[in-house]
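Okay, here's what each chain looks like letter by letter:
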Amino acid sequence: MTTDPRQICSRRYCVVSAPSSDGLIHVPPGVTRSAKIVISGSFGVGKTTFVGSVSQVPPLRMEERITEASAGVDDLARTPHKTTTTVGMDFGRLHLSDALVLYLFGTPGQGRFRPLWEGLTEGALGALVLVDTRDLEASFEILALHEEQGTPYAVAVNLFDGAPRYDLDEIRQALDLAAHTPLTTCDARDSTSGVLALITLCEYLTDAHAPALEPRP
């Protein structure tokens, strides 16, 4: 398998980059579809890293340093070296094919930001929910929100170093996912892995929920 995400192809989608003479990645002239995709999940699950690794433009990040005020509020047991947290959103852009561009919105992880979760999810075509096998229960609230709002979603297990590995069927059962909900794995640090997770989501949306993703003839 190629390690160049610009050449990854899967059925309808082939990641495209269009660098110009100024070194920037512009939207290809043939783009006829765009989609808002939310990257969600619990605190410290890797959303900011994910958006940064797959975005073809410098990602917009709204982060603040973690201070003593978060002691006893934000659980840093799984991420002891984490020094910042998203308090607004992460934003990135990915040209998934000649005709389709994804606008990626990463949400904050803490439950106290639920109003932001709801706002960022509004108008989204779908969501990719990142989960961590060290604390699957932390994902329940955001999964419930997507169910309540009727937002189609796929789940990607972020493969942290040293985290326990489980069969995907076990994880599906633990998260009580519907049989049709896509479940895959990824490494949020790796752009190729992240793009493949997004392709899994977009194929699901195209097949079952969002014919608007199909390029116009």
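Just so we're clear, the structure is a prediction, and the values are computed from it rather than from any experiment. (Residues numbered from 1 in each chain as written. Predicted model: local features only at pLDDT ≥ 70, side-chain atom pairs only at ≥ 80, totals over all residues. Heavy atoms only, no water.)

1. Details of the environment of A197
Move 1: With respect to the helices, strands and loops of the structure, A197 is situated in helix α5 (residues 191-209).
Move 2: Taking relative accessible area as the criterion, A197 reaches 1% and is therefore assigned buried.
Move 3: Here the alpha-carbon distance between A197 and C186, two residues eleven residues apart in the chain, equals 6.5 Å.
Move 4: Not counting chain neighbours up to four residues away, the residues in contact with A197 comprise L128, A156, T184 and C186. (Helix = DSSP H or I, 4+ residues; strand = E, 2+ residues; numbered from the N terminus. Buried < 20%, exposed > 50% of the residue type's maximum accessible area, 1.4 Å probe, protein only. Contact = heavy atoms within 4.5 Å.)

2. Some thoughts on the pattern of salt bridges
Move 1: Applying the stated criterion to the full structure yields three salt bridges.
Move 2: D187 is the salt-bridge partner of R189, the closest N and O atoms lying 2.9 Å from each other.
Move 3: R189 gets classed as exposed once you look at its relative accessible area, which sits at 52%.
Move 4: When salt bridges that share partners are traced, they join D161, D187 and R189 into one network. (Salt bridge = Lys/Arg side-chain N within 4 Å of Asp/Glu carboxyl O.)

Nothing here speaks to function; it is geometry throughout.
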